[in-house]
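Here's the letter readout for the chains.
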Amino acid sequence: MNPQANLIFIASLLLGTTITISSNHWIMAWTGLEINTLAILPLISKSHHPRSIEAATKYFLTQAAASALVLFSSMTNAWHTGQWDITQLTHPTSCLILTSAIAMKLGLVPFHFWFPEVLQGSPLTTGLILSTAMKLPPMTLLYMTSSSLNPTLLTILAILSAALGGWMGLNQTQIRKILAFSSISHLGWMSIILIYNPKLTLLNFYLYAVMTTTVFLTLNTTKVLKLSTLLTAWTKAPSLNTMLLLTLLSLAGLPPLTGFLPKWLIIQELTKQDMAPAATLISLLSLLSLFFYLRLAYCTTITLPPHTTNHMKQWRTNKPTSTAIAILTTVSVMLLPASPMILTIV
């Protein structure tokens, strides 16, 4: 893609995200979401492969439907209350429609079907943007309207997302699809705590974004897209693969890594809110996703490829690891001791 065009699309993404995050009026928030959708479409379809075009079409149709629902929800609320302010969403029907719209934007169950397909059809760098930056505007809308949303509905969506995200990722061999189901499962954790402690939702999102960015950038460096190529990639950059192992375990939420922090705080908060059954259920469901993280981690470093078949080992690269990956990996793995400081900031 032309570098100037690429720059315009990235700038538009930043503009759309900034407009949505900083707006108080529903129309401005909707405008930002639309700019975002239109800016990411060329980045998804830039390889001109039929799969990419299909992914871009699916993404456009889903996001257009979700944006229409956002507009419909805000208009219904304005009709009944005379308020266009995002924080003044008080009408129950509007809250219900908005929850569905944002669930569709984010890829929460039962509106999750588009996300694995779109991620599979996109390049790794675009997949990274879809998994992290594109989820920030809808998350901020949820954050701003959290006081008026329906807790029962959000809890049901969260538990279903954690269940299906873990369950459907079990038999995948394509790494981008595994990361898509991982994202759905993490979104379940974020939405279950949204009503009770919205700041924890944002903390979870930030840490998830850091860990996912690390995984995507590492995979982009080693040029790995499926499990079979991951098996032989350890010869290419052994130290990088070792750090990928730790980052994947952190994504799974194992102590003493960074990923354990949000899960620990969410379980603690749910228990304080007399929701111990929900906390137990979502903790058990995270074991499903732990299985495919462990399988990815196993393929990354621990297993040796079978010696019975002829396979080509990859040449070790002399290229140094980028500073961004080094910093992100450190944050993804070693942030747990700094949790008291993080909690004072949050």
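Since the model is a prediction, treat every value here as computed from it, not as a measurement. (Residues numbered from 1 in each chain as written. Predicted model: local features only at pLDDT ≥ 70, side-chain atom pairs only at ≥ 80, totals over all residues. Heavy atoms only, no water.)

## Brief notes about the overall build of the protein
- Tallying secondary structure elements over the protein gives 16 helices and 0 strands in all.
- The C-alpha atoms of the protein give a radius of gyration of 20 Å, which matches the 20 Å a tight globule of 346 residues would have.
- Along the first, second and third principal axes, the C-alpha atoms of the protein reach 70 × 50 × 35 Å.
- Counting across all 346 residues of the protein, residues that qualify as buried make up 53%.
- The long-range fraction of contacts in the protein, counting pairs at least 24 apart against all pairs at least 6 apart in sequence, stands at 78%. (Helix = DSSP H or I, 4+ residues; strand = E, 2+ residues; numbered from the N terminus. Rg over C-alpha atoms; globule rule 2.2 N^0.38 Å. Buried < 20%, exposed > 50% of the residue type's maximum accessible area, 1.4 Å probe, protein only. Contact = heavy atoms within 4.5 Å.)

## Thoughts on helix H5 (residues 114-121)
- For H5, the tally of buried residues reaches 7 of 8 residues, placing the bulk of the element in the interior.
- Along H5, the residues classified as buried are Trp114, Phe115, Pro116, Val118, Leu119, Gln120 and Gly121.
- The secondary structure elements touched by the buried residues of H5 are helix H2 (26-44), helix H3 (50-81), helix H4 (92-106), helix H6 (124-131), helix H9 (175-192) and helix H10 (198-222).

## Structural notes on the packing of helix H8 (residues 151-168) against H9
- The contact between H8 and H9 brings their axes to 7 Å, and the two run at 155°. Classified by the angle their axes make, H8 and H9 are roughly antiparallel. Helix-helix and strand crossings are classified by hand; for H8 and H9 the assignment is left-handed. For the pair H8 and H9, contact is made by Leu154, Thr155, Ala158, Ile159, Ser161, Ala162, Leu164, Gly165, Gly166 and Met168 and by Phe181, Ile184, Ser185, Gly188, Ser191 and Ile192, respectively. (Axes fitted to C-alpha atoms, helices over the stretch in contact; angles between N-to-C directions. Parallel < 35°, antiparallel > 145°, perpendicular 65-115°, else oblique. Left-handed = near helix turned anticlockwise from the far one by under 90°.)

## As for the pattern of salt bridges
- Under the criterion given, the structure shown has 3 salt bridges.
- Measuring nitrogen to oxygen at the nearest pair gives 3.7 Å for the salt bridge that ties Lys58 to Glu117. Placement of the pair is Lys58 in helix H3 and Glu117 in helix H5, with a sequence separation of 59 residues.
- For Lys58, a relative accessible area of 28% gives the class partly exposed.
- Exposure remark for Glu117: the relative accessible area of 27% places this residue in the partly exposed category.
- The residue Lys177 makes a salt bridge to Glu117 at a minimum N-O spacing of 3.5 Å. With a gap of 60 residues between them, Lys177 in helix H9 and Glu117 in helix H5 connect regions that are remote in the sequence.
- Taking relative accessible area as the criterion, Lys177 reaches 16% and is therefore assigned buried.
- Several salt bridges converge on common partners, so that one network encompasses Glu54, Lys58, Glu117 and Lys177. (Salt bridge = Lys/Arg side-chain N within 4 Å of Asp/Glu carboxyl O.)

## Focus on the environment of Leu187
- In this structure, Leu187 sits in helix H9.
- On the accessibility criterion, Leu187 (3% relative accessible area) is buried.

## Details of the domain arrangement of the protein
- For the protein, the assigned domains read domain 1 (1-146) and domain 2 (150-307 + 319-345).
- Placing a centre on the C-alpha atoms of domain 1 and another on those of domain 2 gives a separation of 23 Å.
- Here domain 1 meets domain 2 over a buried area of about 2900 Å², counting both sides, of which 79% is carbon and sulfur.
- Applying the counting rule to domain 1 against domain 2 returns 4 residue pairs in polar contact (both at pLDDT 80 or more).
- Mapped by element, the contributors of at least two residues to the side of domain 1 that touches domain 2 are H4, H5, H6 and helix H7 (136-145).
- Grouping the amino acids of the side of domain 1 that touches domain 2 by side-chain chemistry returns 16 nonpolar, 10 polar and 3 charged. (Domains from an automatic or database assignment. Buried area = accessible area lost by both parts, 1.4 Å probe. Polar contact = N/O pair within 3.5 Å; in protein donor to acceptor, adjacent residues only side chain to side chain. Nonpolar A, V, L, I, M, F, W, Y, C, P; charged D, E, K, R; others polar.)

## Description of unusual backbone geometry
- The residue after Val109, namely Pro110, is reached through a cis peptide bond having omega 5°.
- As for its position among the elements, Pro110 is in the loop between H4 and H5.
- Each neighbour pair has its own omega, and for Pro255 with Pro256 the value is 5°, a cis peptide bond.
- Mapped onto the elements, Pro256 comes out in the loop between helix H12 (238-252) and helix H13 (260-272).
- Unusually for a residue other than glycine, His48 sits at a positive phi of about 60°.

## A look at the nonpolar core
- Counting residues in each nonpolar core, the largest one holds 88 residues, and the members touching the most others are Ile40, Tyr59, Ile192 and Leu219.
- Ranked by the residues each element gives to this core, the list is headed by H9, at 10 residues.
- Built from parts of two domains, this core gets at least three residues from each of domain 1 (1-146) and domain 2 (150-307 + 319-345).
- The contact partners of Ile40, leaving out residues within four places of it in the chain, are Leu13, Tyr59, Thr126, Ile129, Leu130 and Met134.
- Of all hydrophobic cores here, the second largest spans 5 residues; its members include Leu249, Leu257, Ala297 and Val333. (Core = buried A, V, L, I, M, F, W, Y, C linked by side-chain atoms within 4.5 Å.)

## So, the environment of Val109
- Examined against the element boundaries, Val109 turns out to sit in the loop between H4 and H5.
- Put simply, Val109 and Leu200 are 91 residues apart on the chain and 21 Å apart in space, counted from C-alpha to C-alpha.
- Apart from the residues within four sequence positions on either side, Val109 is in contact with Leu157, Leu160, Ser161, Leu164 and Ile184.

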